[in-house]
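# Working through the structure, step by step
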Amino acid sequence: MARRALPGFGLSLGITLTYLSLLVVIPLSTVFLKTTELTFGEFWSTITSDRALASLGLSLGASLIAASINVVMGVLVAWVLVRYDFPGRRIIDGLVDLPFALPTAVAGIALTATWAPNGFLGKHLHSIGIDGAYSRVGVIIALTFIGLPFVVRTVQPVLEALDPRVEEVAATLGANRWQTFWRVILPSLRPAIVTGFALAFARALGEYGSVVFMSGNMPMKTEITPFLIMSKLEQFDYAGATALALVMLVASFAILIAINGLTWRSARRTAPSVRKRPDRSEVAPAPVPAATLARKDGSR
């Protein structure tokens, strides 16, 4: 019987389930319990009101756009950090993790000061009729900022593990750079890209601190669902707030389940088949044809 590093499957599983229940299952289950205070009609009218639908559409749409942008730019950033050596590479690598450590309120203030109509970058957009802050564009900018590290840190280890000899073989077979990336590198990166997209999307869907400063919080225009939930809590409408929270919870869970399923299927398709190599002592030597022996005897 093989020895295991952690003794006792039952004990380890029990601790795992208890820990997850205390931190995840029990707190989230209170959302369902609080929502039961509403009748189905009240619940439906709360989540289908014009203000709620507008906030849900903005939250889902902006999160999807931001995660899609981060997929493209995150793969590019990870490629540069892995494949090129240049001065300041470690500084740029550290800057990628800055949105992880930076408080969201600080990020919101910094982004607003940069993209406001009188900001360093916002004034150039404002001159052509685009508002970088206090608009839906500002929501996308904020969600893109906080979601970039998830894609980069998911794709980067996979790029580092790729064997460069595979690309050399593709080049010797006549593939150009685009064909090598599209047919050789991208299939290996696809599971990591999908995972990074899921993490960035889920993070953007629940973002509050930075978006509050960048959006302007105008109902029916730039109001996100987390801010609407906070507004209902300030009005002591706890049942209405939990109703919207339940919709966000179910939507996030369903999207993560679907994306994880796609990642699992993609990993199964791209994973190479592992075959056991026979031991040299177990491999019998190939029989020598009789004609070869006859030629050898004749040559002697």
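Conventions adopted
- Residues numbered from 1 in each chain as written.
- Predicted model: local features only at pLDDT ≥ 70, side-chain atom pairs only at ≥ 80, totals over all residues.
- Heavy atoms only, no water.
- 1 Å grid on protein atoms, 1.4 Å probe; cavity = no way out; pocket = protein on both sides within 12 Å on 5 of 7 lines; lining within 4 Å.
- Points joined across faces, edges and corners; volume = space filled by probe spheres on them.
- Helix = DSSP H or I, 4+ residues; strand = E, 2+ residues; numbered from the N terminus.
- Nonpolar A, V, L, I, M, F, W, Y, C, P; charged D, E, K, R; others polar.
- pLDDT = per-residue confidence, 0-100.
- Contact = heavy atoms within 4.5 Å.
- Salt bridge = Lys/Arg side-chain N within 4 Å of Asp/Glu carboxyl O.
- Buried < 20%, exposed > 50% of the residue type's maximum accessible area, 1.4 Å probe, protein only.
- Polar contact = N/O pair within 3.5 Å; in protein donor to acceptor, adjacent residues only side chain to side chain.
- Phe/Tyr/Trp six-rings, centres within 6.5 Å; stacked < 30°, edge-to-face > 60°.
- Lys NZ or Arg CZ within 6 Å of the ring centre and 35° of its normal.
- Core = buried A, V, L, I, M, F, W, Y, C linked by side-chain atoms within 4.5 Å.

Taken as a whole, this structure holds one cavity of 30 Å³ or more when the rule is applied. Ser59, Val139, Leu143, Ala204, Leu205, Glu207, Val211, Ile224 and Pro226 are the residues that line the largest cavity. Taken together, the elements giving at least two residues each to the lining of the largest cavity come down to helix H8 (136-161) and helix H10 (177-205). Classifying every residue of the lining of the largest cavity gives seven nonpolar, one polar and one charged.

A few words on the confidence of the model for the chain. Of all residues in the chain, 86% have pLDDT values of 70 or greater, and the mean over the chain is 83. Ranking the helices and strands of the chain by mean pLDDT puts helix H3 (residues 50-83) first, with 93, and helix H14 (residues 290-299) last, with 48. Low confidence marks residues 273-284, where pLDDT is under 50. Its contacts with residues over four positions away, or in another chain, come to one contact.

Before going further, it helps to examine the pattern of salt bridges. A complete count under the given rule lists seven salt bridges for this structure. Note that Arg83 and Glu167 form a salt bridge whose closest N and O atoms lie 2.7 Å from each other. A residue pair is termed long-range when its members are at least 10 positions apart, and Arg83 in helix H3 and Glu167 in helix H9 (residues 164-172) qualify at 84 residues. In this structure Arg83 comes out as partly exposed when scored by relative accessible area, which is 27%. Residue class for Glu167 comes out buried when judged on its relative accessible area of 18%.

Okay, the environment of Ile65 next. Along the chain, the position of Ile65 falls in helix H3. Along the sequence, Ile65 and Ile140 sit 75 residues apart, while their C-alpha atoms lie 7.1 Å from each other.

Let us look at the environment of Thr18. Tracing the sequence through the fold places Thr18 in helix H1 (residues 9-35). Within polar-contact distance, the side chain of Thr18 engages the backbone oxygen of Gly14 at 2.8 Å.

By the definition in use, this model includes seven aromatic pairs. Centroid distance Phe100 to Phe150: 5.0 Å. Interplanar angle 90 degrees. Geometry classified as edge-to-face. Of this pair, Phe100 sits in helix H5 (residues 98-101) while Phe150 sits in helix H8; the two residues are 50 residues apart in sequence, bridging distant segments of the chain. Look at Phe236 and Tyr238: their rings are 6.3 Å apart centre to centre, the planes differ by 80 degrees, and that puts the pair in the edge-to-face class. Judged by its relative accessible area of 62%, Phe236 is exposed. For Tyr238, a relative accessible area of 41% translates into the label partly exposed. A connected cluster of aromatic rings, assembled from ring pairs, spans Trp79, Trp178, Phe181 and Trp182. In this structure, Arg83 packs its charged tip against the face of Trp79, placed 4.5 Å from the ring centre.

Of all hydrophobic cores here, the largest spans 25 residues; its most connected members are Val155, Leu159, Leu189 and Ile193. Mapped onto this core, the elements with two or more residues apiece are H3, H8, H10 and helix H13 (238-270). Those residues within four positions of Leu189 in sequence are excluded, and the remaining contacts are Val155, Val158, Leu159 and Leu162. Ranked by size, the runner-up nonpolar core spans 17 residues in total, among them Leu111, Ala133, Ile141 and Val212.

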